[in-house]
Amino acid sequence: MRTTGRLLGSGRTADVYEIDAAWVLRRDREGWGDATAEAAVMEHVRGHGFPVPGVRLATRTDLVMERLSGPTMLEAFGVGLLAPREAGVILAGLLRALHAVPARLSADPAVRVLHLDLHPDNVMLTPEGPKVIDWANTEEGPPGLDWGMSAVILAQVAVGGELHAEVAREALAAMLGDGTPGVTDAGLAEARRRRAANPTMSEAEIQVLGDAEELIRGLLPPQVLMP
């Protein structure tokens with residue numbers, strides 16, 4: 001599959017190209033992903049009403065999907081279109097909605113589809129509402145791991161002294177304070193372990209993981225953490 005348009009954006013492992021007004025091509029440049037498996041999960045959750053782009057075609061490295069209009073949450077922060085608290089509430093709602101979808105493969109009722117990279121740069125604010133992109137890390141497992149990953153990602157930014165540190169802290173506080181968050185001790189520990197082992201993490205990002213976990217535990221309502 002060849003590219004048919006201009007480069008629209010690049011992430012840590014993939015590039016997105018324009019095809020036409022309706023479709024884009026996301027191409028993995030690292031060679032470790034499996035876009036066919038990712039597409040199957042996206043179509044599964046979409047079939048249960050979860051907001052993701054439609055998929056037209058997938059190979060191991062290429063994914064042709066619906067072109068979305070609107071900024072990411074992260075872009076919306078920069079131009080004053082979204083308050084951090086609102087972002088945190090949206091993230092919490094998306095996690096709950098995703099974990100209401102039955103697993104695609106497992107018959108275990110405690111197992112759900114997990115995104116495992118749900119953060120403000122992977123949520124697009126479209127005219128139809130928020131839609132979740134970048135399902136490259138998706139697995140099936142306990143929802144607490146998904147909550148843990150989202151919390152750790154935000155907390156790393158919040159304690160890392162980056163440009164969006166205060167925004168990330170406010171969004172994290174709102175996500176963890178919105179009703180009863182699904183964070184678990186086991187999920188938080190596994191999320192920290194996975195982030196530490198992630199080859200795309202910088203040394204600085206890894207070094208703040210302890211402070212990130214401490215922030216998360218400090219923001220959780222009393223007695224929320226379960227085993």
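Described below are features of the structure shown in this document. (Residues numbered from 1 in each chain as written. Predicted model: local features only at pLDDT ≥ 70, side-chain atom pairs only at ≥ 80, totals over all residues. Heavy atoms only, no water.)

1. Remarks on the environment of Val123
Structurally, Val123 is set in strand 7 (residues 123-126). Given the relative accessible area of 0%, Val123 is considered buried. The contacts of Val123, once residues within four sequence positions are left out, are Pro71, Thr72, Met73, Leu91, Leu94, Leu118, Pro130, Lys131 and Val132. (Helix = DSSP H or I, 4+ residues; strand = E, 2+ residues; numbered from the N terminus. Buried < 20%, exposed > 50% of the residue type's maximum accessible area, 1.4 Å probe, protein only. Contact = heavy atoms within 4.5 Å.)

2. As for the packing of helix 5 (residues 165-177) against helix 8 (residues 209-219)
In contact at an axis separation of 9 Å, helix 5 and helix 8 are set at 45 degrees when each is read in the N-to-C sense. Between helix 5 and helix 8, the interaxial angle falls into the category oblique. The way helix 5 lies across helix 8 gives a crossing that is right-handed. Together, Arg169, Leu172, Ala173 and Leu176 of helix 5 and Leu215, Ile216 and Leu219 of helix 8 make up the contact between the two elements. Residues that form the contact of helix 5 with helix 8 fall into these classes: six nonpolar, no polar and one charged. (Axes fitted to C-alpha atoms, helices over the stretch in contact; angles between N-to-C directions. Parallel < 35°, antiparallel > 145°, perpendicular 65-115°, else oblique. Left-handed = near helix turned anticlockwise from the far one by under 90°. Nonpolar A, V, L, I, M, F, W, Y, C, P; charged D, E, K, R; others polar.)

3. Observations concerning the sheet that holds strand 3 (residues 23-28)
Hydrogen bonds between backbone atoms are what pair the strands of a sheet, whose relative direction is either parallel or antiparallel. On the basis of which strands lie adjacent, the open sheet formed by five strands has the order 1-2-3-5-4 and antiparallel pairing. Because the sheet does not close on itself, it has two edges, and the strands there are strand 1 (7-10) and strand 4 (55-58). Adjacent strand axes in the sheet meet at a mean angle of 20 degrees, parallel and antiparallel pairs treated alike. Across five bridges, strand 3 lies against strand 5 (residues 62-66) in antiparallel orientation. Its bridge partner lying in strand 5, Leu25 is registered against Val64. (Pairing = 2+ DSSP bridges.)

4. Observations regarding the pattern of salt bridges
Applying the stated criterion across every chain yields a total of twelve salt bridges. The residue Arg192 makes a salt bridge to Glu213 at a minimum N-O spacing of 2.8 Å. Taken as a pair, Arg192 in helix 6 (residues 185-197) and Glu213 in helix 8 lie far apart in primary sequence, 21 residues in all. A residue is classified by how much of its surface remains accessible, and Arg192, at 34% relative accessible area, is partly exposed. In this structure, a network of salt bridges that share partners links the residues Glu139, Glu190, Arg193 and Arg194. (Salt bridge = Lys/Arg side-chain N within 4 Å of Asp/Glu carboxyl O.)

5. Let's talk about the pairing of strand 2 (residues 14-18)
Bridge count for strand 1 against strand 2 is three bridges, and the pairing is antiparallel. Note on strand 2: the bridge partner recorded for Ser10 is Asp15. A loop of three residues connects strand 1 with strand 2, the two strands running antiparallel in sequence. Pairing between strand 2 and strand 3: five bridges, direction antiparallel. Across the sheet, Ala14 pairs through a bridge with Asp28, a residue of strand 3. With antiparallel pairing between neighbouring strands as the criterion, strand 2 and strand 3 make up a hairpin whose turn holds four residues.

6. Observations concerning the packing of helix 4 (residues 143-159) against helix 5
Relative to each other, helix 4 and helix 5 sit at 150 degrees, their axes nearing to 7 Å. For the element pair helix 4 / helix 5, the angle class is roughly antiparallel. Judged by the sense of rotation from one axis to the other, the crossing of helix 4 with helix 5 is left-handed. Here Trp147, Ser150, Ala151, Leu154, Ala155, Val157, Ala158 and Val159 of helix 4 come into contact with helix 5, specifically with Ala165, Ala168, Arg169, Ala171, Leu172, Met175 and Leu176. Grouping the constituent residues of the contact of helix 4 with helix 5 by class yields 13 nonpolar, one polar and one charged.

7. Topic: the environment of Ser202
Within the secondary structure layout, Ser202 lies in the loop between helix 6 and helix 7 (203-207). Overall, the relative accessible area of 32% leaves Ser202 in the partly exposed class. For the pair Ser202 and Ala22, spaced 180 residues apart in the sequence, the C-alpha separation amounts to 35 Å.

Interpretation in functional terms is not warranted from these geometric data alone.
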